[in-house]
Amino acid sequence: MRKKERYERIIAWFRENRPVAETELHYDNPFELLIAVILSAQCTDKRVNMITPAIYRDFPTPEALAATESEVIYEYIRSVSYPNNKAKHLVGMARMLVKDFNSQVPDTLEELIKLPGVGRKTANVIQSVAFNKAAMAVDTHVFRVSHRLGLVSDKCTTPFSVEKELVKYIPEADISIAHHWLILHGRYTCQARTPQCDECGLQLLCKYYCQKYKVSKESGQNEE
């Protein structure tokens, strides 16, 4: 199967079977989303959603967050991974928003990655989710699922190389939702240690499945 056909068929399956796909982080505005995404690094969305309501309530604006200290924020986020660093990042992010961006979350990659705690992946999430831009954030789920499905080659060994390959083949209008398709598929079906292949509707389009079970991609039959 040619790569273009693989993309077309996989995208068609997601369109039919997961027409609605969005972030599971809770937020009401770009500033709250930025806080949540910074906190979500190497942490579950479920855990982040447990602690963000208190942060949103007590620090509803960049000015409010900028006026506090990281030691105070630490007490709110101590249950997430790397709370010391994330507390510093959150306060530093808010102070830069106030100082350099008129207290507004920027909508470009170049400006977003200037903020403490914001790398390319986080910046792409903000662009895609908050501003509906065609940005592909590559986290561990997207990286794993893209390789298993055969959307990217084994030569794509970095998140950036995976991002470039996906953006090259996915129609621009689908890039934003495709980010969520891949994340949710990796979170609930194509899991790292125990992929739920028996429950997956993409079996015969999946490079990983076909190689593991020696299934012909063309016929859907065992090759042995």
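Residues numbered from 1 in each chain as written. Predicted model: local features only at pLDDT ≥ 70, side-chain atom pairs only at ≥ 80, totals over all residues. Heavy atoms only, no water.

Going by an unreviewed UniProt entry, the protein chain carries the name Endonuclease III and comes from Bacteroides helcogenes. For the protein chain, the Catalytic activity (unreviewed entry) comment in UniProt is given as "2'-deoxyribonucleotide-(2'-deoxyribose 5'-phosphate)-2'-deoxyribonucleotide-DNA = a 3'-end 2'-deoxyribonucleotide-(2,3-dehydro-2,3-deoxyribose 5'-phosphate)-DNA + a 5'-end 5'-phospho-2'-deoxyribonucleoside-DNA + H(+)". (UniProt positions renumbered as here; feature names shortened; annotations may be inferred.)

### Comments concerning the UniProt feature "binding site: [4Fe-4S] cluster" (unreviewed entry) in the protein chain
As recorded in UniProt, the sites labelled "binding site: [4Fe-4S] cluster" (unreviewed entry) are Cys 190, Cys 197, Cys 200 and Cys 206. In sequence the annotated residues extend across 17 residues, while in space they remain close, none of their C-alpha pairs exceeding 10.6 Å. As for its position among the elements, Cys 190 is in the loop between α11 (172-188) and α12 (207-212). Setting aside chain neighbours within four positions, we find Cys 190 in contact with Arg 144, Val 145, Arg 148, His 185 and Pro 195. Along the chain, the position of Cys 197 falls in the loop between α11 and α12. With a relative accessible area of 10%, Cys 197 lands in the buried category. (Helix = DSSP H or I, 4+ residues; strand = E, 2+ residues; numbered from the N terminus. Contact = heavy atoms within 4.5 Å. Buried < 20%, exposed > 50% of the residue type's maximum accessible area, 1.4 Å probe, protein only.)

### Describing the nonpolar core
Grouped together as the largest cluster of nonpolar side chains are 37 residues, with contacts concentrated most on Leu 34, Ile 35, Leu 39, Leu 65 and Met 93. Of all the secondary-structure elements, those providing two or more residues to this core are α2 (30-39), α3 (45-58), α4 (62-66), α5 (70-77), α6 (83-100), α7 (109-112) and α8 (120-131). Top contributing element to this core by residue count: α2, with 8 residues. Sequence-distant contacts of Met 93, that is, excluding residues within four places in its chain, are made with Phe 31, Leu 34, Ile 35, Ile 38, Leu 65, Leu 115 and Pro 116. Listed in part, the 31 residues of the second largest apolar core include Tyr 7, Ala 21, Val 145 and Val 152. (Core = buried A, V, L, I, M, F, W, Y, C linked by side-chain atoms within 4.5 Å.)

### Considering the environment of Phe 31
Among the structural elements, Phe 31 can be located in helix α2. Phe 31 sits in the buried class, given a relative accessible area of 6%. For Phe 31, the residues in contact, after removing those within four places along its chain, are Phe 59, Pro 60, Thr 61, Pro 62, Leu 65, Met 93, Leu 97 and Val 105.

### Remarks on the UniProt feature "domain: HhH-GPD" (unreviewed entry) in the protein chain
Under the present numbering, the feature "domain: HhH-GPD" (unreviewed entry) in UniProt falls on residues 39-188. From the first C-alpha to the last, residues 39-188 spans 21 Å; its make-up is 67% helix and 0% strand.

### Here's the deal with the confidence of the model for the protein chain
Considering every residue of the protein chain, the mean pLDDT works out to 94; 96% of them sit at 70 or more. Ignoring residues within four places in sequence, the model shows residues 217-224, a span with pLDDT below 50, making 16 contacts including any to other chains. (pLDDT = per-residue confidence, 0-100.)

### With respect to the domain arrangement of the protein chain
For the protein chain, the assigned domains are domain 1 (3-21 + 137-213) and domain 2 (30-131). The C-alpha-based centres of domain 1 and domain 2 are spaced at 28 Å. Between domain 1 and domain 2 lies a buried interface of about 620 Å² when both sides are counted; carbon and sulfur atoms form 49% of it. Between the two partners, domain 1 and domain 2, sit 2 salt bridges. Between Glu 163 and Arg 120 there is a salt bridge, and its shortest N-O distance comes to 2.8 Å. Inspection of the domain 1/domain 2 interface yields 4 residue pairs in polar contact (both at pLDDT 80 or more). (Domains from an automatic or database assignment. Buried area = accessible area lost by both parts, 1.4 Å probe. Salt bridge = Lys/Arg side-chain N within 4 Å of Asp/Glu carboxyl O. Polar contact = N/O pair within 3.5 Å; in protein donor to acceptor, adjacent residues only side chain to side chain.)

### Describing the pattern of salt bridges
Taken as a whole and judged by the stated rule, the model has 11 salt bridges. Residues Asp 58 and Arg 57 are paired through a salt bridge, measuring 2.8 Å at the closest nitrogen-oxygen approach. Residue class for Asp 58 comes out partly exposed when judged on its relative accessible area of 31%. Between Arg 78 and Glu 75 there is a salt bridge, and its shortest N-O distance comes to 2.7 Å. What makes Arg 78 partly exposed here is its relative accessible area of 48%.

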